[in-house]
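This is what each chain is made of:
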Amino acid sequence: MILTEEEKRMRDGAEGAATAAAMDLLIRYGDALACDRLCDVRNVAGTMTQPSPVKERLVREGGWDKAFAVINLDCDTDIEVPAMRVPTCQLQHGFGPDAQGIVPYPLKNIELQAEAESFYGRRGVNILATCTPYQVGNIPVRGEHCAWMESSAVIYANSVLGARTNCEGTASAGAASLTGKIPCWGNHRDENRYGTHLIDVRTPVDSFLEWGMLGYFAGGVAGEEHPVITGNLARPDLVDLKHFGAAAATSGGVELYHIPGITPEAPTLAAAFGGARLPEPAVYGPAQRRAVYETLNSQGTRPDVDFVLLGCPHASVDQVRRAAAALDGRRLSPGTELWLMLPRALKDVADRSGYTAVIERAGGRLLGDSCPAMSRVAPEGTSVFATDSAKQAHYLPAILGIEAWFGTLEDCVDAAVTGRWNGRLP
Amino acid sequence: MITLHGRMVVPGYAEGEALVSPEPISGWGGIDPAAGRIIEPRHVLNGVGFTGKVLVFPSAKGSSGWSAFFQSTRLLGTGPIAMIITRISTKSALGAVVTRVPAVTDLDRDPCQVIRTGDWVRIDATHGLVEVKPAAERI
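Heads up: these notes are all about the structure in this document. (Residues numbered from 1 in each chain as written. Chains lettered and ligands numbered in written order. Predicted model: local features only at pLDDT ≥ 70, side-chain atom pairs only at ≥ 80, totals over all residues.)

Residue and element names in this part refer to chain A. One can describe the packing of helix α8 (residues 238-251) onto helix α15 (residues 390-400) by two numbers: an axis separation of 8 Å at closest approach and a directional angle of 35°. Contacts from H243, A246, A247, T250 and S251 of α8 reach α15 at A390, K391, H394 and Y395. Classifying every residue of the contact of α8 with α15 gives four nonpolar, four polar and one charged. (Axes fitted to C-alpha atoms, helices over the stretch in contact; angles between N-to-C directions. Helix = DSSP H or I, 4+ residues; strand = E, 2+ residues; numbered from the N terminus. Contact = placed C-beta atoms within 7 Å. Nonpolar A, V, L, I, M, F, W, Y, C, P; charged D, E, K, R; others polar.)

Moving on to the nonpolar core. V308 and L340 of chain A together with V9 of chain B are the most contacted members of the largest nonpolar core, which has 187 residues in total. Contacts of L340 of chain A, omitting those with residues within four sequence positions, involve L310, G311, A315, V320, A323, I359, G364 and L366 of chain A. (Core = buried A, V, L, I, M, F, W, Y, C linked by C-beta atoms within 7 Å. Buried ≥ 20, exposed ≤ 12 C-beta atoms within 10 Å, placed from the backbone.)

Glancing now at the sheet that holds strand β7 (residues 197-205) of chain A. Residue and element names in this part refer to chain A. What the three strands build is an open sheet, ordered β8-β7-β9; its pairing is parallel. Among the strands making up the open sheet, the edge pair consists of β8 (227-233) and β9 (282-284). Put simply, the sheet's adjacent strands are angled 20° from each other on average, direction ignored. Bridging between β7 and β8 involves six bridges; their strand directions are parallel. Following the sheet pairing, L198 is matched in β8 by V228. Set on the sheet, helix α7 (residues 208-222) makes contact with β7, β8 and β9; between it and β7 the angle comes to about 155°. (Pairing = 2+ DSSP bridges.)

Quick look at the packing of helix α5 (residues 151-159) of chain A against α8 of chain A now. Residues and elements named next belong to chain A. Here α5 crosses α8 at 120°, and the two axes come no closer than 8 Å. It follows that α5 is oblique to α8 by the angle criterion. Where α5 crosses over α8, the two elements pack in a sense that is right-handed. The residues of α8 that touch α5, namely those facing S151, S152, I155, Y156 and S159, are L241, K242, G245, A246, A248 and A249. Class assignment for the residues of the contact of α5 with α8 results in six nonpolar, four polar and one charged. (Parallel < 35°, antiparallel > 145°, perpendicular 65-115°, else oblique. Left-handed = near helix turned anticlockwise from the far one by under 90°.)

What follows deals with the interface of chain B and chain A. Taken residue by residue, the interface counts 24 residues in chain B and 24 residues in chain A. Sorting the residues of the side of chain B that touches chain A by element identifies β2 (7-10), α1 (66-76) and α2 (90-99) of chain B as the ones contributing at least two each. Ranked by residues supplied to the side of chain B that touches chain A, first place goes to α2 of chain B with seven residues. Considered class by class, the residues forming the side of chain B that touches chain A number twelve nonpolar, eight polar and four charged.

Printed below as a string of structure tokens:
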């Protein structure tokens, strides 16, 4: 790897031991990728505060400095964590104090996380505490190099915003926060950003549900590569593409896609492929659409629903408003709980707009910071859940050993009110 | 004896028994670091342990928590002793680095086809060399 003079100085300790350890990790990581240089980043989204058994042990042994050294820098020596060199935010993590009395989640984790927020906040980590930093003020500009974790945020930043980030991990994001550097590999380079697969949509895709299902299909087609989507598409909004991307990153490992005429690096179909010959399209028609719906509903057998989960990735204010409208004047079935996940900053907006009151009157809950997958927790005794998120329908059965139903927001709210799943493909 | 040539991901030397995953491996939600086992219900190796094995797999899939989960296996003493990866990505590259085990990729033949579970494998990761002694040839 070829280092600049500035990078060599960091490696050799001119900026302190922690920065030297960070540069050492980046060099090892760059070598592992066979990457020849680093690029400058001024936007890091990582994770430092999420409680885990290993982290708890390290904090007990050597405080938060030790936990950061081992987990965020892969470093064995004692260092002190300095102020973040570049703007850095905390992604989603464990549940916070607002979950107490609602979520069966250990109080010691809430307390450990509160300690972490205070430690890292003093060092300049913005505690956004969401998987959707782009909803609460961290919106990279086109072409901006970033070091982000969280697959659903990475695909949104690359595809919808035209920013450039690979799917980073805990240690590489930690090292980037102290150096402002990341290997200039993969999505950071022009030549790696063109489409590889073409998907021809021949059934109308015009709602949150439809965009999520199309995303799940696209991930299956493209794997870790770059699908380009054309055809019978209504103009999507933030919420549609948030769902589409999360689903494509879940069924495959998509980090970048293009929709000609909509996403910024694809003014035309030809531009999406960089002028190269177009591949044979994969057709997404009524049969493929039904197959995706059936796959996402293949892990539900019992119609009795005891948990409804909305807000994955974290809900927008518009989604909260829709949930409030669907729940207005109704009451959840006594055996069913409904949780809606969102960034805590948007919870404030929901409170002021009166949506929270409507949802809580019906018996539902708004929860910030986390989700059942991150915190590995559902309401006591849950055996069947329903969600409007393709990503949660995919992951949660494996993580919590429960059955899943997938459908529209309205199907999910009906299930919460009646305690029964009656969803069907619209 | 079969020899494969590739490139270093993480330098070092190791030898041991292979565990070959025909499918990509998920870190977060796909392994239990405390037990050193694959726990993804629909994975062909669900329930199989990788502690002390040479882990051979086509690629890393799923969440960006991949590397942190494999790092935990190192900290808990349940990790594999080496990794042979068909197709590298940021997840598996960083994962191998923080698991701190010798690792190679970009081999001249697909390691998931050539190596079988139970084969004895020597990895000279620094020079990108892998030697495979098929289990059938062992006493």
